[in-house]
Amino acid sequence: MKLGFFTACLPGLTLEEVAEWAAAHGFDALEVAAWPRVGGRDFTATHIDAAHFSGADAERARALFDRLGLEISSLGYYDNNLHPDPVTRKAAHDHVHACIDAAAALGCPTVGTFIGRDPGRSVAENLRDAEAVFPPLVDHAGERGVKLIIENCVMEGWHPDGYPGNLAYSPELWEWMFSLGLYLNFDPSHLLWLGIDPVEAVRPYIDRIPHGQAKDIQGDPRSRNRYGFFGKALREDPWDTGWWRYRVPGLGEVDWRRLVDVLYEGGFDGVFSVEHEDPVWGGDEDHVKAGLEIAHRTLRPLIIR
């Protein structure tokens, strides 16, 4: 197992700047953000421009990572592959396709994305749509020697009423997506607020997890008693549930010692990539880097180099 982080938390830096800082601060790998250069969403970045990625770009990136002794663990493009607008949906599929090609050129083993959801259709209808959408992407990834991994983020802010916007949030849905040839990019933080023990949930599926994301979560039981499990009924910010927030590892409720032990016991030998979305340790580059250092101090003693 190796320790990395997802570069989307540092969108204002170049890939070279992020990689040099990571190597200097004891990280082993980077999960590289690869959204299109269109801007807009928080926690996105374009450290690799997959849509315009040339052979020369791949050579430069490989040389950079070789020089610094880092691995590229995954290319991350987390968007809605079941978007209700057909043009937007096709653009997402085209970019996943481009990310797969870029990953293959880099020798990167995985590309991360979401299942997504059309909020105007039922869960059953969305699953049937996904069963048509994903096999061509999985086939292309397989032909290029890349695994397509799905993060289990709930993405409740994508649904107008705060319900799941990414149909990959539970072990029930993991088993369904495994049947399509997909893999899991496991993030324990998303399970805790759903009432699922991430340690027990992950045990049966470690052989389908080539990559993980390390993010923590902090709940407020008093606020949950007011808003309920689903969170605020009326939201100015669709992501404000009112009773929990993400934290960097070590500042929330995930039992990292127990979780890492179970991953080792199950044979996980991929990269555990810190996904930094902590509002306390965000807002500017210095705070973000401090948050990454807190995560490193939490996880480094548990992960054997």
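Quick notes on the rules
- Residues numbered from 1 in each chain as written.
- Predicted model: local features only at pLDDT ≥ 70, side-chain atom pairs only at ≥ 80, totals over all residues.
- Heavy atoms only, no water.
- Helix = DSSP H or I, 4+ residues; strand = E, 2+ residues; numbered from the N terminus.
- Rg over C-alpha atoms; globule rule 2.2 N^0.38 Å.
- Contact = heavy atoms within 4.5 Å.
- Areas by Shrake-Rupley, 256 points an atom, 1.4 Å probe, with all protein chains shown as cover.
- Lys, Arg positive; Asp, Glu negative; His and termini not counted.
- Charge placed at Lys NZ, Arg CZ, Asp CG, Glu CD.
- Disulfide = S-S within 2.5 Å.
- Buried < 20%, exposed > 50% of the residue type's maximum accessible area, 1.4 Å probe, protein only.
- Expected span 1.5 Å × (residues − 1).
- Polar contact = N/O pair within 3.5 Å; in protein donor to acceptor, adjacent residues only side chain to side chain.
- Pairing = 2+ DSSP bridges.
- Axes fitted to C-alpha atoms, helices over the stretch in contact; angles between N-to-C directions.
- Salt bridge = Lys/Arg side-chain N within 4 Å of Asp/Glu carboxyl O.
- 1 Å grid on protein atoms, 1.4 Å probe; cavity = no way out; pocket = protein on both sides within 12 Å on 5 of 7 lines; lining within 4 Å.
- Points joined across faces, edges and corners; volume = space filled by probe spheres on them.
- Nonpolar A, V, L, I, M, F, W, Y, C, P; charged D, E, K, R; others polar.

Attention shifts here to the overall build of the chain. Across its full length, the chain holds ten helices and ten strands. In terms of overall size, the chain behaves like a compact globule, its C-alpha atoms giving a radius of gyration of 18 Å where 305 residues would be expected to give roughly 19 Å. Structurally, the chain occupies a C-alpha span of about 50 × 40 × 40 Å along its principal axes. Considering only intrachain contacts with a sequence separation of at least 6, the fraction spanning at least 24 residues in the chain is 78%. By element, 50% of the accessible surface of the chain is carried by carbon and sulfur atoms, the whole surface being about 13200 Å². Charge centroids of the chain, computed over 29 positive and 47 negative side chains, lie 2 Å from each other.

Turning our eyes to something else, we now look at the state of the cysteines. Cysteine pairs can be covalently joined through their sulfur atoms, and such a bond is termed a disulfide. Across all of its chains, the model carries zero disulfides by this definition. Not engaged in a disulfide, the cysteine Cys9 finds its nearest cysteine sulfur in Cys153; these two sulfurs lie 16 Å apart. For Cys9, a relative accessible area of 11% translates into the label buried. Of the cysteine sulfurs around Cys108, a residue in no disulfide, the closest is that of Cys99, at 9.7 Å.

Moving on to helix 10 (residues 285-299). Between its terminal C-alpha atoms helix 10 stretches 21 Å, which fits the 21 Å expected from 15 residues at 1.5 Å a residue. The complete set of buried residues in helix 10 reads Val288, Lys289, Gly291, Leu292, Ile294, Ala295, His296 and Leu299. Those residues of helix 10 that are buried are in contact with strand 1 (2-6), helix 1 (15-24), strand 7 (211-214), helix 9 (256-265) and strand 10 (271-274). Between the side-chain oxygen of the N-cap and the backbone nitrogen of Asp286 there are 3.1 Å, and the N-cap of helix 10 in question is Asp284.

Here we come to the sheet that holds strand 3 (residues 71-76). Sheet architecture is closed into a barrel: eight strands sit in the order 1-2-3-4-5-6-7-10, paired in parallel fashion. When strand polarity is set aside, the average angle formed by the axes of neighbouring strands in this sheet is 30°. Two elements, strand 1 and strand 2 (residues 29-33), share three bridges in a ladder whose sense is parallel. Pairing of Phe6 across the sheet is with Glu31, part of strand 2. In the packing of helix 1 onto the sheet, contacts are made with strand 1 and strand 2, and the angle to strand 2 comes to roughly 155°.

This part takes up the pattern of salt bridges. A full pass over the atoms with the stated rule returns 20 salt bridges. With a closest N to O distance of 3.8 Å, Glu151 and Lys215 form a salt bridge. Placement of Glu151 in strand 5 (residues 147-151) and of Lys215 in the loop between strand 7 and strand 8 (216-219) is noted, with a sequence separation of 64 residues between them. Each of the two residues, Glu151 as well as Lys215, counts as buried. Taking the shortest distance from any N to any O, the salt bridge between Asp220 and Arg222 comes out at 4.0 Å.

Here the focus is the environment of Arg226. Within the element layout of this structure, Arg226 appears in helix 8 (residues 221-227). Taking relative accessible area as the criterion, Arg226 reaches 67% and is therefore assigned exposed. Separated by 16 residues in the primary sequence, Arg226 and Gly242 place their C-alpha atoms 9.1 Å from one another.

A separate point is empty space enclosed by the protein. Enumeration according to the criterion identifies one cavity of 30 Å³ or more in this entry. Quantified by volume, the largest cavity comes out at close to 40 Å³. Forming the walls of the largest cavity are Phe6, Ala8, Cys9, Phe43, Glu275, His276 and Glu277. Per-class residue counts for the lining of the largest cavity are four nonpolar, one polar and two charged.

No statement about biological role is implied by the geometric values presented.
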